[in-house]
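# Notes for the structure review
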Amino acid sequence: METRTQVGIIGAGPAGLVLAHLLRARGIDCVVLERQSRSYVEARIRAGVLEHGTVDLLTSLGLADRLHRERMVHHGIELLFERSAHRIPLTELAGREITIYGQHEVVKDLIAAWGGPLHFSVSDVSLSDLSFAPTISYVDASGVSQVLRCDVIAGCDGFHGVSRAAIPADVLRVHQRDYPHAWLGILAQAPPSSEELIYAHSPRGFALHSMRSPTVTRMYLQVRPDEDLAEWPDERIWAELRARLDRSDAGWSLADGPILERSVAAMRSFVVSPMQYGRLFLAGDAAHIVPPTGAKGLNLAVADVKVLADALSSFYATGDSAGLDAYSETCLRRVWRVQHFSWWMTSMLHPTGDDPFDLELQLSQLRYVTSSRAAATSLAENYVGFPFP
């Protein structure tokens, strides 16, 4: 069976779904294809920190009613090192706050509000004729082969998706860095022990105290990339979190509770350029991965599709392809700024071993950031995010 649309979107994560809503608001037809089921996509736990710009964009599209009711607004973060806590007042320094609201909750909201074509559980997706008349072939959930003809394809299908793989290898330049540590993340039925996020540097390794709601806490421990989860029973996780989040303030304690989920995620930096080939445009994790330390992945994906939607709007309204032609260059400027910030946060907060030289450099940087208003302002404005193009 054959159908036609203006923009074919591969991937129903935040990038693909936000793009779909942006295009619909501009009167541009699109079809969204997703290889996973709706229940899988809506339950997939990912990031939970939204930049001010991301929240503003969702609000402008009428997609943030539940977000505004249930979110947790933070005006600062805490850096903990040498058993002393130091607050970085984000809003005071950068003029913007951050929002805590789970990525899977964003995805639920976007799917619930979507009234256009969205096909889950598709398989055997392949792309062809990318230079002139892009075509997406796939098998739908009922097993019927389909052909979707498009003007443009948006590859929002993540690091392991088919979109980037459809671009000839000699076209892409790959920039990659693998880090010597990973994050063991847990979701716990426990009230947050702090009103704001805690980034902890400890001789035992990095730890992050975050949250998803007033009753659910999200926390991370620095571990080896090949860490075996079986070696981390609940008791060991809580003991290690207490040790790494320990502080001289005797009035502070870590609340614990049943662990609802646990996983180990490797850390990498990854960028491909260009982010476009013919009429295929990559967005989000299909084009770049950042270490989670800077809380940037979802926000960077939203920035990508905002650029793409604006360029497509201009193209369909006037025939001007300048925005589409400049898509990769425009996005990559922000991508590399975010990559640098995420690398910097990661290298400052994660002890790399027994090298005392590296340890002293990290502590020196932490002391500087927490004692210099200029350095703290630089961290703050990068953390809350720069305005979208």
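Heads up: the structure comes first, above all this text.
Residues numbered from 1 in each chain as written. Predicted model: local features only at pLDDT ≥ 70, side-chain atom pairs only at ≥ 80, totals over all residues. Heavy atoms only, no water.

### Remarks on empty space enclosed by the protein
The full count for this structure, using the stated rule, is two cavities of 30 Å³ or more. Lining the largest cavity are Glu51, Lys296, Asn299, Leu300, Arg334, Arg337, Val338, Phe341, Asn382, Gly385 and Phe386. Sorting the residues of the lining of the largest cavity by element identifies helix H9 (297-318) and helix H11 (327-349) as the ones contributing at least two each. Roughly 30 Å³ of volume is contained in the second largest cavity. (1 Å grid on protein atoms, 1.4 Å probe; cavity = no way out; pocket = protein on both sides within 12 Å on 5 of 7 lines; lining within 4 Å. Points joined across faces, edges and corners; volume = space filled by probe spheres on them. Helix = DSSP H or I, 4+ residues; strand = E, 2+ residues; numbered from the N terminus.)

### Points about the packing of helix H1 (residues 14-25) against helix H6 (residues 103-113)
Two elements in contact, H1 and H6, have axes whose closest approach is 10 Å; the angle formed by their N-to-C orientations is 35°. Crossing geometry of H1 relative to H6 is assigned as left-handed. Counted together, Pro14, Leu17, Val18, His21 and Arg24 of H1 and Gln103, Val107, Leu110, Ile111 and Ala113 of H6 form the full contact between these two elements. Residue composition of the contact of H1 with H6, by class: seven nonpolar, two polar and one charged. (Axes fitted to C-alpha atoms, helices over the stretch in contact; angles between N-to-C directions. Left-handed = near helix turned anticlockwise from the far one by under 90°. Contact = heavy atoms within 4.5 Å. Nonpolar A, V, L, I, M, F, W, Y, C, P; charged D, E, K, R; others polar.)

### Regarding the sheet that holds strand S8 (residues 98-100)
Spatially, the three strands line up as an open sheet ordered S4-S8-S5, and their pairing is antiparallel. This sheet does not close on itself; its edge strands, each paired only once, are strand S4 (49-50) and strand S5 (72-74). Here S5 runs beside S8; their pairing, made up of three bridges, is antiparallel. From the neighbouring strand, histidine 74 faces S8, where its bridge partner is isoleucine 98. (Pairing = 2+ DSSP bridges.)

### Overview of unusual backbone geometry
Following serine 273, the chain continues into proline 274 via a peptide bond in cis, with omega recorded as 0°. Mapped onto the secondary structure, proline 274 falls in the loop between strand S18 (259-273) and strand S19 (276-277). Within the chain, aspartate 124 stands out as a residue other than glycine whose phi angle is a positive 50°. When you line up the elements, aspartate 124 lands in strand S10 (residues 123-128). Phi at aspartate 129 takes a positive value of approximately 50°, unusual for a residue other than glycine. Within the secondary structure, aspartate 129 is located in the loop between S10 and strand S11 (135-139).

### Digging into the side chain of glutamine 222
Position of glutamine 222 relative to the elements: it lies in strand S17 (residues 216-223). Only 2.8 Å separates the side chain of glutamine 222 from the backbone nitrogen of phenylalanine 206, close enough to count as a polar contact. A polar contact is formed between the side chain of glutamine 222 and the backbone oxygen of proline 351, at a distance of 2.8 Å. Setting aside chain neighbours within four positions, we find glutamine 222 in contact with His181, Ala182, Trp183, Gly205, Phe206, Arg244, His350 and Pro351. (Polar contact = N/O pair within 3.5 Å; in protein donor to acceptor, adjacent residues only side chain to side chain.)

### Quick look at the nonpolar core
Within soluble globular proteins, side chains that are nonpolar tend to cluster in buried spots. Counting 77 residues, the largest nonpolar core has Val7, Ile9, Leu19, Leu23 and Ile136 as the members making the most contacts within it. Ranked by residue count, the leading element in this core is H9, at eleven residues. Those residues within four positions of valine 7 in sequence are excluded, and the remaining contacts are Leu23, Ile28, Asp29, Cys30, Val31, Val152, Ala154, Leu312 and Tyr316. Counting residues in hydrophobic clusters, the runner-up holds 35 residues, among them Phe81, Ile98, Tyr199 and Met345. (Core = buried A, V, L, I, M, F, W, Y, C linked by side-chain atoms within 4.5 Å. Buried < 20%, exposed > 50% of the residue type's maximum accessible area, 1.4 Å probe, protein only.)

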